[in-house]
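The residues making up each chain are set out below.
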Amino acid sequence: MSARDNILARIRSGLGLPGTAAGAERAQIADYIARNPRGPRPSFDATDLVARFCERSVKLGSTVERVASLAEVPQAVARYLKASALPVTGVVWPALQALSWQEAGLSFQAREANGLDLVGVTGAFCAIAETGTLMLLSAADTPATVSLLPETHIAVLDAARIVAGMEEAWALMTSEREGLPRAVNFVSGPSRTADIEQTIVIGAHGPYRVHVVCHG
Amino acid sequence: MQLTSSLFKRNVRHKLVDASLQHNMKRFGGRFSQARAIAMLEVDNLEAIRTAAAAIRDRSLAHLDSYLMAFEERAMACGTQVHWAETAQDVNRILIDIARAHHVKKIVKSKSMVSEESGLNEAVAAAGMAAIETDLGEYILQLAEEPPSHIIAPAIHKSVEEVAQLFSEKHHTTLQTDIPALCREAREQLRPHFLSADMGISGGNFLIAETGSVVIVTNEGNGRMVTTLPRVHVAITGIEKVLPTLNDFSTVLRLLTRSATGQSITNYVSVLTGPRRDHDRDGPEHSHVILVDSGRSRLLGSELQLALRCIRCGACMNHCPVYQNIGGHAYGWVYPGPIGAVLTPSYVGLENALDLPQASTLCGACQVVCPVKIPLPELMRVLREKSFRLGLRPWHERWAIRAWRFAADHPRLYGWMTRLAVRLLHRMGGKEGLLHRLPGLDGWTDGRDMPAPSGRTFRDRYRETRP
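Residues numbered from 1 in each chain as written. Chains lettered and ligands numbered in written order. Predicted model: local features only at pLDDT ≥ 70, side-chain atom pairs only at ≥ 80, totals over all residues. Heavy atoms only, no water.

Chemist: Lay out the overall build of chain A in plain terms, naming residues and giving numbers.
Modeler: For chain A, the count of helices and strands is five helices and 12 strands. For 216 residues, the compact-globule estimate of 2.2 N^0.38 gives 17 Å, and chain A exceeds it by more than 25% at 21 Å. Its C-alpha atoms put chain A at 70 × 40 × 40 Å along the principal axes. The burial tally for chain A puts 54% of its 216 residues in the buried class. Sequence separation of at least 24 residues holds for 71% of the intrachain contacts in chain A that already meet a minimum separation of 6. Here chain A displays about 8,500 Å² of accessible surface, and carbon together with sulfur accounts for 54% of that area. One way to put it: in chain A the 19 positive side-chain charges average out to a point 4 Å from where the 21 negative ones average out. (Helix = DSSP H or I, 4+ residues; strand = E, 2+ residues; numbered from the N terminus. Rg over C-alpha atoms; globule rule 2.2 N^0.38 Å. Buried < 20%, exposed > 50% of the residue type's maximum accessible area, 1.4 Å probe, protein only. Contact = heavy atoms within 4.5 Å. Areas by Shrake-Rupley, 256 points an atom, 1.4 Å probe, with all protein chains shown as cover. Lys, Arg positive; Asp, Glu negative; His and termini not counted. Charge placed at Lys NZ, Arg CZ, Asp CG, Glu CD.)

Structure, rendered in structure tokens:
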């Protein structure tokens, strides 16, 4: 018997179930997974999801700027970087390389990030109003390292893609994508630690700053 | 991790007179519990969510084999290799085999309590590889060669001065006690390791049966680093950590982060499914999961099964008056506090951790705050009864309990004895009404006086006031 068989047999004997999982049992759990019920959650005023998202993002330590359209994003990013005395060079998701970065005076390379990149610009699959969270899916043109390695993470977010909670985010993903990507990363503000004397310090291993440019 | 739970009383004696630990524990004080209380204010239906979360955990456990098989099937379909470890030693063996097969030299690790169970770092070092802890707290402890003392804030027992001294010694840098500067120092030390490591080891907060995913809930970003940058990722987690669906996970997550640190959500929540895809530019080329039993299946069907609901938030220890006074190391194994007092005897044998279920006032705070409603005081009571039944308690305690039972079975005798005892104690209390010493019960009076009884028993007074 393999370790797997031994463990599964011990589980079944502990639970007082006979033999191995029969078709009926497997069907029962498959049915539950297919029904995929949503649990209870805290209520919040969901009339203005964008406002809620912005408010919660700021609470998490992010900064947010709203612009009218996607075309205005590069100028907004340039303004933010200059105002914060940050480098105007960096790395951008290949998915966003078509935006007019150069015209805004920015020199971004479209690729995954390495340890030297100081600014990383990503999009977001969607965002969650309840907690002010960005949802990023990894793929060839949306590499995960861009939101992780640089000291400054700038996220470009379509206001129309802000959903109420994580459950709605999963539903949106299921309706638009086939299966899960390698990594779904929920990002809620800059990285932090409180491991020394419970003192919160912003900027642990990941970005020191998260700036969201929300368009639309 | 070396087991010293059988020396609990000795450990406690040392910890209670350790001035620096006492100072650090006082500073720690109520911060986590305050943060939790504030975070829960915005949850207007906390009880409904706790009930739902407990039901989700119970559902997973009631069909654990089926959910694990569903997880395995989906995970394998996405290219993850699934390994099963019956014991802690098996975890180390499997991990080292994977590392050798991939010609690994350097390993970066994010937090994994399961790997503490098996002493993974020592085993990896003995096999000629380096495993570097990257969670700031765990990194501090690796430098200090100490085990963690809290499941989510492992270096809670250390002061900034101690950390500063340690960094200055080990990094050969000038001493600095500014906390943000120390965090940056650790970041700069560890960044090159993330970029050069061959393998990343992480724990897994949850496994999702629906999708075959491993979920990691973190704040520092090191969990993302170790699961993204090295070419091999291995997640090590207990078999009980499976949840049916992503929606179930969303329900449980709302309570996990609030119960742990008082955050409505942590900075990062990563749902990882398989290795890098065909055209991906980053992510590991190989993805492995080690599912660890190591005593967990033994709890299924027993009175202690409810302990397997645990989602490792740490709220029970943050609210435990005993933990707050002795710190985590005194418990002598991986899991301290009330949940440790239940899990340690269950995993390492009651006879090796006999005093842990006794290390509670049964005040019930842990049960009140537990997000998945584990009746921890009741489970400690179960273990106390079991240790008595098995004859594991000291002879004088067993005889005292037998004598108590005899008296309780004979109400007249009981009444006569208590009347005699309270009169005697009243007289011993003298004018001050305080007992400085109780023969045979020095533990109560060594550090404080006990108020003397009034001289009359409850029964006497009840008889007088009864209408």
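Chemist: Account for the nonpolar core, with residues named and values stated.
Modeler: Membership of the largest hydrophobic core comes to 134 residues, with the highest contact counts inside it found for A:Met135, A:Trp170, B:Met199 and B:Phe249. Setting aside anything within four residues of it in sequence, one finds A:Met135 in contact with A:Ala124, A:Phe125, A:Cys126, A:Ala127, A:Ala169, A:Trp170, A:Met173, A:Val184, A:Asn185 and A:Phe186. A:Leu99, A:Ala155, B:Ala186 and B:Met225 belong to the second-largest nonpolar core, a separate cluster that totals 67 residues. (Core = buried A, V, L, I, M, F, W, Y, C linked by side-chain atoms within 4.5 Å.)

Chemist: Hey, could you go over the interface of chain A and chain B for me, with residue numbers and the actual values?
Modeler: Facing 74 residues of chain A, the contacting portion of chain B comprises 102 residues. Around 7,600 Å² of area is buried between chain A and chain B when both sides are counted, 54% of it from carbon and sulfur atoms. Our count for the contact surface shared by chain A and chain B stands at 10 salt bridges. The partner of A:Glu151 in a salt bridge is B:Arg184, and the shortest N-O contact between them spans 3.8 Å. At the junction of chain A and chain B, the tally comes to 50 residue pairs in polar contact (both at pLDDT 80 or more). If you list the elements that add at least two residues to the side of chain A that touches chain B, you get α1 (3-15), α2 (23-35), α5 (166-176), β9 (183-187) and β10 (192-193) of chain A. Among the elements that take part in the side of chain A that touches chain B, α1(A) stands out by supplying 10 residues, more than any other. Across the side of chain A that touches chain B, the residue classes tally to 35 nonpolar, 22 polar and 17 charged. The sheet contact formed by β9(A) and strand β9 (residues 268-272) of chain B spans five bridges and is antiparallel. Across the sheet, the residue bridging to A:Val184 is B:Val271, located in β9(B). (Buried area = accessible area lost by both parts, 1.4 Å probe. Salt bridge = Lys/Arg side-chain N within 4 Å of Asp/Glu carboxyl O. Polar contact = N/O pair within 3.5 Å; in protein donor to acceptor, adjacent residues only side chain to side chain. Nonpolar A, V, L, I, M, F, W, Y, C, P; charged D, E, K, R; others polar. Pairing = 2+ DSSP bridges.)

Chemist: So what's going on with the domain arrangement of chain A? Residues and values would help.
Modeler: According to the domain assignment, chain A contains domain 1 (3-35) and domain 2 (49-215). On a C-alpha basis, the centres of domain 1 of chain A and domain 2 of chain A stand 41 Å from each other. (Domains from an automatic or database assignment.)

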